[in-house]
Amino acid sequence: MKTSLDDMFINNLPTLDLHGEIRDSARVLVKEFISDNYYLKNEKIVIVHGVGTGALKDETYNVLRRDKRVKEFHLNHYNSGCTLIYLNKRNN
């Protein structure tokens with residue numbers, strides 16, 4: 001797991017905000033967001049899922065666990081409503 005110092009500068013990272021979405025649309029948005037950022041060779045991204053009932057966070061984590069481009073992910077230490085994601089490096 002990366003140091004919490006990484007969590008302090010998430011405002012400068014590409015971010016997807018899922019507030020107001022339902023599970024099905026969130027799943028599609030997360031997959032597209034990962035694809036776009038992997039293509040752009042971004043290694044760190046943020047997804048804001050909120051706290052609420054936990055449904056959007058659960059759906060987000062289901063997608064992240066299955067995607068081979070995701071190296072690791074964890075809740076932001078300063079805001080439990082968002083997740084910091086590390087993508088594998090794209091070779092070309």
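Thresholds, definitions, all that
- Throughout this description, residue numbers start from 1 for each chain and increase along the sequence as written.
- Side-chain atom pairs in this predicted model are given and counted only at pLDDT of 80 or more, local residue features only at pLDDT of at least 70, and totals for whole chains, interfaces and linings cover all residues.
- With hydrogens and water excluded, all non-hydrogen atoms of the structure serve as input to the side-chain values.
- By definition, any uninterrupted DSSP run of H or I lasting at least four residues is a helix, any uninterrupted run of E lasting at least two residues is a strand, and each is numbered from the N terminus.
- Relative accessibility under 20% of the residue-type maximum defines a buried residue, over 50% an exposed one, and the middle range a partly exposed one, all with a 1.4 Å probe and only protein chains included.
- Any two residues having at least one pair of non-hydrogen atoms within 4.5 Å are treated as being in contact.
- A pair of aromatic rings is counted whenever rings of Phe, Tyr or Trp (Trp by its six-membered ring) have centres within 6.5 Å, and the orientation is called stacked for planes under 30 degrees apart, edge-to-face for over 60 and tilted otherwise.
- In our convention, an over-ring charge means Lys NZ or Arg CZ found within 6 Å of a ring centre and within 35 degrees of that ring's normal.
- Paired strands are those between which DSSP finds at least two bridges.
- With axes taken as lines fitted to C-alpha atoms, and helix axes fitted only over the stretch in contact, angles between N-to-C directions fall between 0 and 180 degrees.

Caption draft 1: Summary view of the environment of Lys 41. Of note, Lys 41 is situated in the loop between helix H1 (23–39) and strand S2 (44–48). In this structure Lys 41 comes out as partly exposed when scored by relative accessible area, which is 45%. In sequence terms Lys 41 and Pro 14 are 27 residues apart; their C-alpha atoms lie 11 Å from each other. Among all residues touching Lys 41, those that are not within four sequence positions of it are Arg 90 and Asn 92.

Caption draft 2: Focus on the packing of aromatic side chains. Tallying each qualifying case throughout the model produces 1 aromatic pair. The interplanar angle of 75 degrees and the centroid separation of 4.8 Å between the aromatic rings of Tyr 61 and Phe 73 together place this pair among those described as edge-to-face. In this pair, Tyr 61 is assigned in helix H2 (residues 55–66) and Phe 73 in strand S3 (residues 70–75), connecting sequence segments 12 residues apart. Taking the relative accessible area as the measure of exposure, Phe 73 reaches 22% and is therefore partly exposed. The positively charged end of Lys 57 is found above the aromatic ring belonging to Tyr 61, 5.2 Å away from the centroid. It is Arg 69 that lies over the ring of Tyr 38; its NZ or CZ is 5.8 Å from the centre.

Caption draft 3: Expanded view of the pairing of strand S4 (residues 82–87). Of all 6 residues making up S4, 6 are buried, and the element is well covered by its neighbours. Residues Cys 82, Leu 84 and Tyr 86 line one face of S4 and the alternating positions Thr 83, Ile 85 and Leu 87 line the opposite face, and both faces are buried. Where S2 and S4 come together, 5 bridges link them in antiparallel fashion. Bridge pairing links Val 48 to Cys 82 in S4.

Caption draft 4: Just the sheet that holds S3, in detail. One open sheet accounts for 4 strands, arranged S1-S2-S4-S3; its pairing is mixed. Taken across any chain shown, the strands that pair with only one partner, and hence form the sheet edges, are strand S1 (15–17) and S3. Looking at each pair of strands side by side, their axes are set apart by 20 degrees on average, direction ignored. Here S1 runs beside S2; their pairing, made up of 3 bridges, is parallel. By the bridge assignment, Thr 15 is partnered in S2 with Val 46. Across the sheet, H1 touches S1, S2, S3 and S4, and the angle it forms with S2 is around 160 degrees. Its contacts with the sheet place H2 against S2, S3 and S4, and it is angled at close to 160 degrees to S3.

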